[in-house]
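# Observations on the three-dimensional arrangement
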Number of protein chains: 2
Amino acid sequence: MQYTKPLARLIEEFQKLPGIGPKSAQRMAFHILKMPSAEVQKFCDAIIYAKEKIKYCRTCFNMSSEDPCEICSDERRDKHTICVVSETRDLIALERTREYKGLYHVLQGVISPLDGISPDDLRVKELLNRLGSDIEEIILALNPSVEGEATSLYLSRLIKPLGIKVTRIAFGLPVGADLEYADEVTLAKALEGRREIL
Amino acid sequence: MQYTKPLARLIEEFQKLPGIGPKSAQRMAFHILKMPSAEVQKFCDAIIYAKEKIKYCRTCFNMSSEDPCEICSDERRDKHTICVVSETRDLIALERTREYKGLYHVLQGVISPLDGISPDDLRVKELLNRLGSDIEEIILALNPSVEGEATSLYLSRLIKPLGIKVTRIAFGLPVGADLEYADEVTLAKALEGRREIL
């Protein structure tokens, strides 16, 4: 005997979650079994509710329960700037800074030939369709990885000829980091992106 | 704007799981939203099913979908030995060794005055009720913590006078460990528990 069947099934399901191995899955399963039934029902309701409610915004492809999403329909946002991100979680990270007031476009991935992801698999066409005369700047906020760089380059080559300013977020030393321990690529980016002190 | 409401609720629910902080919860929530609906339904079904089905065995207080549990009702098990553990997960760890063929008793905790857990909160009375003339040995397999030690001592003082042999699992160096890096308490236990080489 190992686990009783319903428990084995529960542990197996938990193991499908990202970053969850057999030990964590077991711990979660036992936690669920010790939770009051009402709490467990609430947990499942939240999952089903989120799954049902959350769709992609048809304008920017942000995950949202509304379409257009809260950002696209917010009148106070600057409609002249679009920040291009790979995933909704990147959008959320940027929103947390409270610094950016423009719109977004979620590509839903980056170009990655190794994984078989080409521009056609991303929301590139939809981005180009948004680029009317009212758009003044496209900010590329993709990860500083090989794929992110390639995607940034690809997009800038498509968008620049339209006469729209294309910028990208700065890469360099993170705040609080120690120059001594920074890796060479980050340092090289920091040097390359240096700005004059005014 | 931060998270859209159903997403915020989902992340909050995931954060209630043990060992899950805001970042992991967000990662799981996004994973759920990217999973096919049928898979999500399966996930929730497994939770609800386990929660409904799994009860405690009224004999040994093991978690099980049967009562008596698979172990108590297994005719091939040695009915003369009871191994006392704190939680069902400890029972499962012991079962994995495939070395033990007797019965179990799950205390559902250990004595811990600091947390307000007294012997009355545990399944001690139920253990004593099982100690008929057919029981020959009680193996105490509680964690080598202060609370585990105290509970072991408490139980042995109750059970020994009944003329039943009380033993406890060995504490010492784990297999594969390095003597040089073992802590003093473990080493002391290993010395204390030394056995003659025959």
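Residues numbered from 1 in each chain as written. Chains lettered and ligands numbered in written order. Predicted model: local features only at pLDDT ≥ 70, side-chain atom pairs only at ≥ 80, totals over all residues. Heavy atoms only, no water.

## Description of the relation of the copies chain B and chain A
Once chain B has been moved 0.0 Å along the axis and rotated by 180°, it coincides with chain A to within an RMSD of 0.1 Å. Such values leave the two copies arranged in the relation of a two-fold axis. Across chain B, the rotation axis passes nearest the C-alpha of B:Cys44, at a separation of 2.8 Å. Mapped onto chain A, 100% of the interface residues of chain B again fall at the interface, so both copies present the same surface. (Least-squares fit on C-alpha atoms with pLDDT ≥ 70 in both. Contact = heavy atoms within 4.5 Å.)

## Examining the sheet that holds strand 4 (residues 102-106) of chain B
All names here are of chain B. Pairing within the open sheet is parallel, and its 4 strands lie in the order 4-3-5-6. Edge positions in the sheet fall to strand 4 and strand 6 (165-168), since each has one partner strand and no second. If you compare each strand with its neighbour and ignore which way they point, the axes differ by 25° on average. Alignment of strand 5 (residues 137-140) against strand 6, held across 4 bridges, turns out to be parallel. Bridging across to strand 6, Leu 140 finds its partner in Arg 168. Lying on the sheet, helix 4 (residues 88-96) is in contact with strand 3 (78-85) and strand 4; it crosses strand 4 at an angle near 160°. (Pairing = 2+ DSSP bridges. Helix = DSSP H or I, 4+ residues; strand = E, 2+ residues; numbered from the N terminus. Axes fitted to C-alpha atoms, helices over the stretch in contact; angles between N-to-C directions.)

## What about the environment of B:Leu140?
All names here are of chain B. Along the chain, Leu 140 falls in strand 5. For Leu 140, a relative accessible area of 4% puts it in the buried group. Among residues more than four places away in sequence, those in contact with Leu 140 are Val 84, Ser 152, Leu 155, Ser 156, Val 166, Thr 167, Arg 168 and Ile 169. (Buried < 20%, exposed > 50% of the residue type's maximum accessible area, 1.4 Å probe, protein only.)

## What about the sheet that holds strand 4 (residues 102-106) of chain A?
Sheet strands line up and pair through hydrogen bonds in the backbone, either parallel or antiparallel. Residue and element names in this part refer to chain A. Ordered by their spatial adjacency, 4 strands build an open sheet running 4-3-5-6, and the pairing between neighbours is parallel. Of all the strands in the sheet, just strand 4 and strand 6 (165-168) have a single pairing partner and so form its edges. Averaged over all pairs of adjacent strands, the angle between strand axes in this sheet comes to 25°, irrespective of strand direction. Packed onto the sheet, helix 4 (residues 88-96) meets strand 3 (78-85) and strand 4 and runs at close to 160° relative to strand 4.

## Description of helix 3 (residues 37-53) of chain B
Residue pairs spaced three or four apart in an α-helix point in one direction, given the helix's 3.6 residues per turn. Taking 1.5 Å as the rise per residue, helix 3 of chain B with 17 residues should run 24 Å; its terminal C-alpha atoms sit 24 Å apart, in good agreement. Within helix 3 of chain B, burial applies to B:Val40, B:Phe43, B:Cys44, B:Ala46, B:Ile47, B:Ala50 and B:Lys51. Angular distribution of buried residues about the axis of helix 3 of chain B spans 145°; they occupy a single face of the element. Of the exposed residues in helix 3 of chain B, the ones pointing more than 90 degrees away from its buried face are B:Ala38 and B:Glu52. Taken together, the buried residues of helix 3 of chain B touch helix 1 (5-15), helix 2 (22-34) and helix 3 (37-53) of chain A together with helix 2 (22-34) and strand 1 (55-56) of chain B. (Expected span 1.5 Å × (residues − 1). Arc of directions from axis to C-beta.)

## A few points about the interface of chain B and chain A
Taken together, the contact pairs 56 residues of chain B with 56 residues of chain A. For the pair chain B and chain A, the two sides together bury roughly 5,500 Å², of which 68% comes from carbon and sulfur. Here chain B and chain A share 6 salt bridges between them. Notably, a salt bridge pairs B:Glu87 with A:Lys34, separated by 3.1 Å at the nearest N-O pair. Remark: the boundary between chain B and chain A carries 18 residue pairs in polar contact (both at pLDDT 80 or more). (Buried area = accessible area lost by both parts, 1.4 Å probe. Salt bridge = Lys/Arg side-chain N within 4 Å of Asp/Glu carboxyl O. Polar contact = N/O pair within 3.5 Å; in protein donor to acceptor, adjacent residues only side chain to side chain.)

## Some points on the packing of helix 1 of chain A against helix 3 of chain B
It is the contact of helix 1 of chain A with helix 3 of chain B, at a shortest axis distance of 9 Å, that shows an interaxial angle of 145°. As helix 1 of chain A runs across helix 3 of chain B, the sense of the crossing is left-handed. Counting all contacts with helix 1 of chain A, which are made through A:Pro6, A:Arg9, A:Leu10, A:Glu13 and A:Phe14, the residues of helix 3 of chain B involved are B:Glu39, B:Lys42, B:Phe43, B:Asp45, B:Ala46, B:Ile47, B:Tyr49, B:Ala50 and B:Lys53. (Left-handed = near helix turned anticlockwise from the far one by under 90°.)

## Some words on the pairing of strand 3 of chain B
All names here are of chain B. Bridge count for strand 3 against strand 4 is 5 bridges, and the pairing is parallel. Residue Ile 82 lies in a different strand from strand 4, and its bridge partner there is Leu 103. A crossover links strand 3 with its parallel partner strand 4, the connecting element being helix 4, and its sense is right-handed. Bridge analysis of strand 3 against strand 5 gives 4 bridges, and the strand direction is parallel. Counted as the bridge partner of Val 84 is Leu 140 from strand 5. (Right-handed = clockwise from strand over helix to strand, strands pointing away.)

## Let's talk about the packing of helix 3 of chain A against helix 2 of chain B
The relative placement of two packed helices comes down to the angle between their axes together with the axis-to-axis distance. At a minimum axis distance of 9 Å, the contact between helix 3 of chain A and helix 2 of chain B shows a crossing angle of 55°. Between helix 3 of chain A and helix 2 of chain B, the angle is such that the two are oblique. Judged by the twist between their axes, the crossing of helix 3 of chain A over helix 2 of chain B is right-handed. Here helix 3 of chain A contributes A:Ile47, A:Ala50 and A:Lys51 to the contact with helix 2 of chain B, which in turn contributes B:Ile32, B:Leu33 and B:Lys34. Classifying every residue of the contact of helix 3 of chain A with helix 2 of chain B gives 4 nonpolar, no polar and 2 charged. (Parallel < 35°, antiparallel > 145°, perpendicular 65-115°, else oblique. Nonpolar A, V, L, I, M, F, W, Y, C, P; charged D, E, K, R; others polar.)

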